[in-house]
Amino acid sequence: MPHDDHLDATLPPDHGDQDTMDTLDTSVTGDSPVPSTPSHPFTPGQEPASVPEQIGPYRITGIIGSGGMGTVYEATQEQPKRRVALKVVKAGQASESAKRRFKFEVQTLAKLQHRGIAGVYEAGIYTGGGHEQPFFAMEYIPGARSLTDYAKDEDLDLKSRLDLFMQICDAIHHGHQKGIIHRDLKPENILVDRDGNPKIIDFGIARATDADIAVTTMQTSVGQILGTLQYMSPEQCLGDPDLIDTRADVYSLGVTLHQLLSGQLPATNGAVSAALPEDLRCILSKALQSAPDKRYSSVAAFTDDVKRFLGRHPVQARQDS
């Protein structure tokens with residue numbers, strides 16, 4: 001079957017990140033702060049009353065973002081001298097469950113050594129106002145913007161957006177190989193630095209596919225929904241962790257790619273923008289199938305079909321449609 005001149009296709013109009021405010025209202029028990037860049041610095045002596053001057057060995061210099069159960073500060077570490085992003089659970093919300101989840105996030109990030117995943121340096125407990133607040137220091141991402149903001153600001157063409165997406169998929173695939181499902185993939189958790197390199201953040205609600213880790217650190221209850229609703233797979237919305245595997249991340253990546261290419265969320269499961277090239281619509285429709293066994297079996301398979309599209313080869317999704 002002949003192919004469209006799909007790489008030369010004009011991207012649909014960018015409708016903006018219309019989900020941003022909705023996301024703040026529909027993150028159900030998620031631990032992930034909403035990243036915001038640039039950070040908001042303050043002059044010493046004029047800090048907001050609720051912002052500490054020092055947390056452990058880190059001097060606080062600004063606020064990157066806040067939401068859910070945590071706040072992310074920009075901070076300076078003296079030894080070694082470097083800027084870090086310091087994530088801290090809000091005072092009064094550090095329940096034993098939250099502490100376990102925070103500990104799990106640190107353990108998770110420590111396992112993920114990939115250029116596309118924000119690295120973690122150390123973790124600890126900060127006592128502020130009589131409350132114990134878990135924190136960890138992670139890689140500071142200079143000039144970070146959310147995935148969709150970066151693509152819009154830089155006016156990326158179709159090929160550049162797909163190339164960026166494949167780098168993201170490579171990082172997520174690395175996590176899956178380590179037995180980690182992210183479970184909250186969305187543009188706000190995919191930051192792009194000033195050099196155009198994507199970094200995945202917030203594995204805090206990930207569920208390890210390793211049974212021992214899942215039992216000892218998470219204890220996620222049936223009926224507890226973790227994630228951001230617009231990007232969640234149907235099985236994740238059911239709140240039963242036993243139904244979730246790496247194909248839940250495939251679904252979330254499908255929603256993210258649709259937004260990256262069209263500027264808006266898909267209308268319904270599998271219903272994609274008609275303005276996109278036909279092969280891309282097939283790829284997205286497959287990633288967004290309601291039934292996990294009808295989606296791509298892995299992020300690697302998803303990436304492979306995007307590569308086929310870029311190489312002007314027949315895509316697997318078209319054969320399946």
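Quick look at the structure, then. (Residues numbered from 1 in each chain as written. Predicted model: local features only at pLDDT ≥ 70, side-chain atom pairs only at ≥ 80, totals over all residues. Heavy atoms only, no water.)

Another point: the overall build of the protein. Each helix and strand counted, the protein has ten helices and 14 strands in total. With 321 residues in all, the protein has 52% of them scored as buried. Partitioning the intrachain contacts of the protein with sequence separation of at least 6 by distance along the chain shows that 63% fall at a separation of at least 24. With the model as given, the accessible surface of the protein reaches about 13900 Å², and the carbon-plus-sulfur share is 49%. (Helix = DSSP H or I, 4+ residues; strand = E, 2+ residues; numbered from the N terminus. Buried < 20%, exposed > 50% of the residue type's maximum accessible area, 1.4 Å probe, protein only. Contact = heavy atoms within 4.5 Å. Areas by Shrake-Rupley, 256 points an atom, 1.4 Å probe, with all protein chains shown as cover.)

The next thing to look at is unusual backbone geometry. Along the chain, Gln79 connects to Pro80 via a cis peptide bond; the corresponding omega equals -5°. Turning to its location among the elements, Pro80 is positioned in the loop between strand E5 (70-77) and strand E6 (82-89). Within the chain, Arg312 stands out as a residue other than glycine whose phi angle is a positive 60°.

Turning to the sheet that holds strand E9 (residues 145-146), a few remarks are in order. Strands sit in the order E9-E11-E12 across an open sheet of three strands; the sheet is antiparallel. Of all strands in the sheet, those bounded by a partner on one side alone are E9 and strand E12 (198-200). In the packing of helix H4 (residues 158-177) onto the sheet, the strands contacted are strand E11 (190-192) and E12, and the crossing angle to E12 comes to about 30°. (Pairing = 2+ DSSP bridges. Axes fitted to C-alpha atoms, helices over the stretch in contact; angles between N-to-C directions.)

Two numbers describe a pair of packed helices, the interaxial angle and the distance between the axes. Packing of H4 against helix H7 (residues 247-262) brings their axes to within 11 Å, and their N-to-C directions diverge by 160°. Taken as axis vectors, H4 and H7 run roughly antiparallel relative to one another. In the packing of H4 onto H7, the handedness of the crossing is right-handed. When H4 is examined against H7, the residues Leu158, Arg161, Leu162, Phe165, Ile168, Cys169, Ile172 and His176 are found in contact with a partner set consisting of Asp249, Leu253, Leu257, Leu260 and Leu261. Classifying every residue of the contact of H4 with H7 by side-chain character gives ten nonpolar, one polar and two charged. (Parallel < 35°, antiparallel > 145°, perpendicular 65-115°, else oblique. Left-handed = near helix turned anticlockwise from the far one by under 90°. Nonpolar A, V, L, I, M, F, W, Y, C, P; charged D, E, K, R; others polar.)

Nothing here speaks to function; it is geometry throughout.
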